[in-house]
Amino acid sequence: MIFLKIALLNLRSHPRRTAVIITAIALAVGIMETVAGMVDGMRNNFFTNMLEESGHIQVIAAGKEDSLDPFSIEHTLDEYTDIIDTARSLPGVEDASPFLTFGALLITEEKNIFMAGNGISSASGFNKSLDESIVKGSLNGIEDGVLISRETARLMKLDYGDTVIILVEDSEGAPYYLSFPVRGIYQTKSSDFDNMNLFMSIEQAQELLYLPGRASTVKLKLTDKDLAQTAAEHLAQAYAGMPVVIKTWRQIHGNFMLLIDLFDLFIYIMNLFTVIVAAAVITNSVLMNMFDRAREFGTMRAVGLKKSGLFALITTEGLSLGFLGSLAGLALGIPVVLYFQEYGLDFGAISESFGMGSAFYFHLTAKYIILNFASGILIALAGAAYAAWVIIRKSVIDTLSWR
Amino acid sequence: MKLFKAGMKNILRNRRRTSLNVISLALGIFMMVFGLSWGQGYHSYVYTAMRNFEAGDAQILNRNYLKEERRLPLDLAVSDTRRVVKSLTDTNIVKTASPRIDFSVKVSNRMESTRLLGRGVSQAEGEVTVIRNQITEGRFFTDTDRGVLLGEDLARRMKLNIGDTLYLTAIDRHGTENFMSLKLTGIFKFGFPPIDRQVIFVDIESARSLLDMRASSTRIVVRFTEGTSITEGLEILNEKLANTELTAYSWERFAQETVSAVQSDMGSFYVFILILYMMIIIGMYNSMSMTVRERTGEIGTMRAIGARRSDIIVLLLFESIAISCIAIIAGYLLAAPFMYYLTNIGIDISSSLPDSVPVPFGERFYADIEPLQFLLAFAIGIASGITGTLIPAVRASRLSITDSLGAKKHG
């Protein structure tokens, strides 16, 4: 306790140097906190947006993924209700819903546009964000009509209640069309998604495509993404020998996971540089502070302070500086993270290519606050320990005659 | 010269302090050189690739086309393309102008089919983009050729060889579905999935026939003559097109994802570098402040034997410049192996990216080293040293001779 008191007194008696060291630590911790918020936000965006859409596990009709046409309806799941029942009985499965995707030409009197048709179940737990993005009409509208995006509505000069023709190539390979009223208009954060997708009930899609009782995919949402592997293995056992492919979110988003890992590596390297530069600056500052007071230390040693006591005194100062600097760093970094968590950082069109909308949102987590706080303290402590090691190696006479 | 020598001696007097300053500044220099060459690689490679692969220097479109681009509107076309192309090439700023028709097309080999972006192009496309060089099998179109060009992966996936027939189905500008069969005349590979896997090139006359476009096209891609800047070229073209339904756009309008990727990355990098250098300057300031305090007596003696205030400032600045120079050399040496790897061997970024990412990194991404980057890093390194030293140096020069000489101890 006495060391802490002396350390705090010393910090107060050298306000400029204390301020310099605290600023260096604060900047380093501030950078690390901001970068951590950005990376965690990226992960969070990924898991929220992409897994929300893809689910944690997908049961896909065998052969569908090998099709040349991503919208091919040649390969579909026959007994998908059975798959859903089995999936729902597995531990950790929150929702299991069928999807029927297909290529469709949306036609009005003057214009036409190629889109991805999505036959979905209105009771599906996957519809939450779609439901929240509806600006006109409601999700229930898919039962007897279609949901299109605001952008598609603008482009095709359509409004709620208007009728559109949807032309498809049915399961027999013949062109077939039906008229649907527009029962809902939605707008998500991703213009790429909005440009491409229209929604209707899976029953209407089955009728349109002449695929009664069939779906292209069953998506599973789990209570915890880490349960995906176990649940997938259970499903694989249950459907061994059947024409289905079971994929976990890691397999579905393999490239994105690799990209996130690469990004993580890049961030770690950036943080490493920040830590090294901060450590050099802090060590230099602490060293100078200590050398400045070498004769003071010599006197303390001469009146009986042991080497270990001196070491403890100097490192306590480092600890105090680290504590104050880290607090200041968090005070710098946390508001930045909170701001971008609320308003997002606009990364422009490239961010949409990753399915994250034009802006992506930072994420503040207690884990990184604690880690960065501890890192700031450790950097200062390491600098102080080095300075202490240099000082205690000097003899009492050397320190007393220090110039 | 004497002051310089004295400065050099002083930095050797406190090796530990010098080393720590050198380490932090050298890392800053390394990051600066590395980041700038990476950024330059983006600019010179990715931007150039974007222009060479598809965007050209500028594009001329119907002024309402981009509002409805998503549906690939054939009704918002450049009518009488031949006349427009001629009027463009008659100016002394346009080197080549090539008409294009973009349309949605279903492509089949009779076994299976898929929907792709059809691109009707003429022989001139080979002058505005690098497509001619990307042909790996067969050949690019001449104006009399009829046929299609397909990406290597897609051709392999569809089991198609040169001379095989492809069947195309598309909706024409009147909304009627038309059908056409064409021979595969060439196979290409750009190393850019959005083109390799999603685009099929069709000779423009066949595309016009399939879509009933007569003499129209949906855009004209332009290459300016050497020495014509994009801004200047666009200004002249838009003046020329003022009373028509057409507008000229810069290539950047058609590569927004790439431009935003480059801008975001470089923006983050500059913020990071700025903060890093703030820390370096703080370190330098602290270090030089200490130097001044340690040598108060010495400075007093120098002033007493005739050194001017400016000499003291110059002496301390020489010290910081010398530290900066050592750090800059160390930073360059540290960066050298990384730079060598990045410029000669490159990194395979594309294989780690999802196909949907519209940034043409090519098969390997290379950084681009320019002497200016080293000069800039050098200048910023020196400036950081000087900035961190200036306040302590001025403070030292203002010490009174008597006070300095009377200083018995530090602090």
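In this text, all values refer to a predicted model and were calculated from it rather than measured experimentally. Residue numbers run consecutively from 1 along every chain, following the written order of its sequence. Throughout, the order in which chains and ligands are written sets their labels, letters from A for the former and numbers from 1 for the latter. Totals for whole chains, interfaces and linings use every residue, but because this is a predicted model, local features are given only for residues with pLDDT of at least 70 and side-chain atom pairs only at 80 or more, for both listing and counting. Excluded from the side-chain calculation are hydrogens and water; included are all heavy atoms of the structure.

(A) Spatial organisation of the overall build of chain B. Helix and strand assignments come from DSSP, with helices taken as H or I runs of at least 4 residues and strands as E runs of at least 2, each series counted from the N terminus. Helix and strand counts for chain B stand at 14 helices and 10 strands. Note that the radius of gyration is over C-alpha atoms, with the globule rule given as 2.2 Å times the number of residues to the power 0.38. The C-alpha atoms of chain B give 31 Å as radius of gyration, which overshoots the globular expectation for 411 residues (22 Å, by more than 25%). Based on the C-alpha atoms only, the size of chain B along its principal axes is roughly 100 × 50 × 30 Å. We call two residues in contact when some of their heavy atoms are within 4.5 Å. Within chain B, residue pairs in contact and separated by at least 24 positions form 77% of the contacts whose partners lie at least 6 positions apart. Summing over all exposed atoms, chain B offers an accessible surface of approximately 17900 Å²; the carbon and sulfur share of this is 56%. By the counting scheme adopted, Arg and Lys are positive, Glu and Asp are negative, and His together with the chain ends is not counted. Note on charges: their place is set at NZ of Lys, CZ of Arg, CG of Asp or CD of Glu. Averaging the locations of the 47 positively and 41 negatively charged side chains of chain B gives two centres separated by 11 Å. Residue burial considers only the protein chains on display, and all accessible areas are found by Shrake-Rupley using a 1.4 Å probe.

(B) Examining the interface of chain B and chain A more closely. Taken together, the 56 residues of chain B in the interface contact 56 residues of chain A. Note on definitions: buried area is the accessible-area loss of two parts on being combined, 1.4 Å probe, summed for both. Here chain B packs against chain A, burying approximately 5000 Å² in sum over the two surfaces, 66% of which is carbon and sulfur. Any Lys or Arg side-chain nitrogen located within 4 Å of an Asp or Glu carboxyl oxygen qualifies as a salt bridge. Where chain B meets chain A, there are 2 salt bridges. Note that B:K106 and A:E169 form a salt bridge whose closest N and O atoms lie 2.5 Å from each other. Each polar contact in these results corresponds to two N or O atoms within 3.5 Å; when the atoms are within protein, one needs to be able to donate a hydrogen and the other to accept it, and residues that are neighboring in sequence are counted only if both atoms are side-chain atoms. The interface formed by chain B and chain A contains 7 residue pairs in polar contact (both at pLDDT 80 or more). Elements supplying a minimum of two residues to the side of chain B that touches chain A: α2 (15-55), β2 (94-108), β3 (113-121), α6 (152-157) and α10 (256-294) of chain B. Looking at the side of chain B that touches chain A element by element, the count peaks at 19 residues for α10(B). Any residue outside Ala, Val, Leu, Ile, Met, Phe, Trp, Tyr, Cys, Pro, Asp, Glu, Lys and Arg is labelled polar, Gly included; the first ten of those are nonpolar and the last four are charged. In terms of residue class, the side of chain B that touches chain A is made up of 23 nonpolar, 18 polar and 15 charged.

(C) Region of the structure containing the nonpolar core. Among buried residues, the Ala, Val, Leu, Ile, Met, Phe, Trp, Tyr and Cys ones that are joined through side-chain atoms within 4.5 Å form a nonpolar core. The buried label applies to any residue whose accessible area, calculated with a 1.4 Å probe on protein chains only, is under 20% of its type's maximum; exposed applies above 50%, and partly exposed to all values in between. A:I166, B:F201 and B:V222 are the most contacted members of the largest nonpolar core, which has 178 residues in total. By residue number, the principal contributor to this core is α2(B), which donates 18 residues. When neighbours within four sequence positions are excluded, B:V222 is seen to be in contact with B:G56, B:D57, B:A58, B:I60, B:L88, B:V94, B:T96, B:A97, B:V128 and B:L237. Counting 28 residues, the second-largest nonpolar core is a separate cluster that includes B:L116, B:L150, B:V202 and B:A207.

(D) Local environment of the environment of B:R157. Tracing the chain through its elements places B:R157 in helix α6. Contacts of B:R157, omitting those with residues within four sequence positions, involve A:D66, A:S67, A:L68 and B:E112. Of note is the side chain of B:R157, whose polar atom sits 2.2 Å from the backbone oxygen of A:D66.

(E) Spatial organisation of the pairing of strand β5 (residues 146-149) of chain A. Residues and elements named next belong to chain A. Neither face of β5 is exposed, since V146 and I148 on one face and L147 and S149 on the opposite face are all buried. Direction of pairing for β5 relative to strand β7 (residues 175-186): parallel, over a ladder of 4 bridges. Paired with S149 across the two strands is Y186, which belongs to β7. For two strands to be treated as a pair, DSSP must find at least two bridges joining them.

(F) Highlighting the domain arrangement of chain B. What fixes the domain bounds is an automatic or database domain assignment. Under the domain assignment used here, chain B contains domain 1 (2-51 + 258-406) and domain 2 (64-244). The centre of domain 1 of chain B, based on its C-alpha atoms, is set 49 Å off from the matching centre of domain 2 of chain B.

(G) Region of interest: the pattern of salt bridges. Residues and elements named next belong to chain B. By the definition in use, this model includes 31 salt bridges over all chains. Where R219 meets E69, a salt bridge forms, and the shortest distance between an N and an O atom there is 3.6 Å. On the criterion of sequence distance, the pair formed by R219 in strand β9 (residues 219-224) and E69 in the loop between β1 (58-62) and α3 (81-89) is long-range, its members being 150 residues apart. Notably, a salt bridge pairs E112 with R157, separated by 2.9 Å at the nearest N-O pair. Of the two residues, E112 is situated in the loop between β2 and β3 and R157 in helix α6; the sequence distance between them amounts to 45 residues. When salt bridges that share partners are traced, they join E54, E69, D102, R119 and R219 into one network.

(H) Spotlight on helix α3 (residues 80-88) of chain A. All names here are of chain A. Turning to α3, its buried residues number three or more, namely Y80, I83, I84 and A87. The arc enclosing the buried residues of α3, seen along the axis, measures out at 100°, which places them on a common side. The elements touched by buried residues of α3 are β1 (57-61), β2 (93-107), α7 (202-209), β9 (217-222), α8 (228-238) and β10 (244-248). Of all possible arcs, the one meant is that of the directions from the helix axis to the C-beta atoms.

(I) Layout of the packing of helix α2 (residues 15-54) of chain A against helix α14 (residues 366-392) of chain A. All names here are of chain A. Here the axes come from fitting lines to C-alpha atoms, over the contacting stretch only for helices, and the angles between their N-to-C directions go from 0 to 180 degrees. At their nearest, the axes of α2 and α14 sit 9 Å apart, and the two run at 155° to each other. Comparing the axis directions of α2 and α14 gives the class roughly antiparallel. Of the two possible hands of crossing, α2 and α14 adopt the one that is right-handed. The segment α2 lies against α14, with I25, V29, M32, E33, A36 and D40 engaging Y368, I369, N372, S375, G376, I379 and A380. For the contact of α2 with α14, the residue count by class is 8 nonpolar, 3 polar and 2 charged. Each angle is binned into one of four classes, with values under 35 degrees roughly parallel, values over 145 roughly antiparallel, values of 65 to 115 roughly perpendicular, and all other values oblique. Helix crossings fall into two classes, left-handed where the near helix is turned counterclockwise from the far one by less than a right angle and right-handed where it is turned clockwise.

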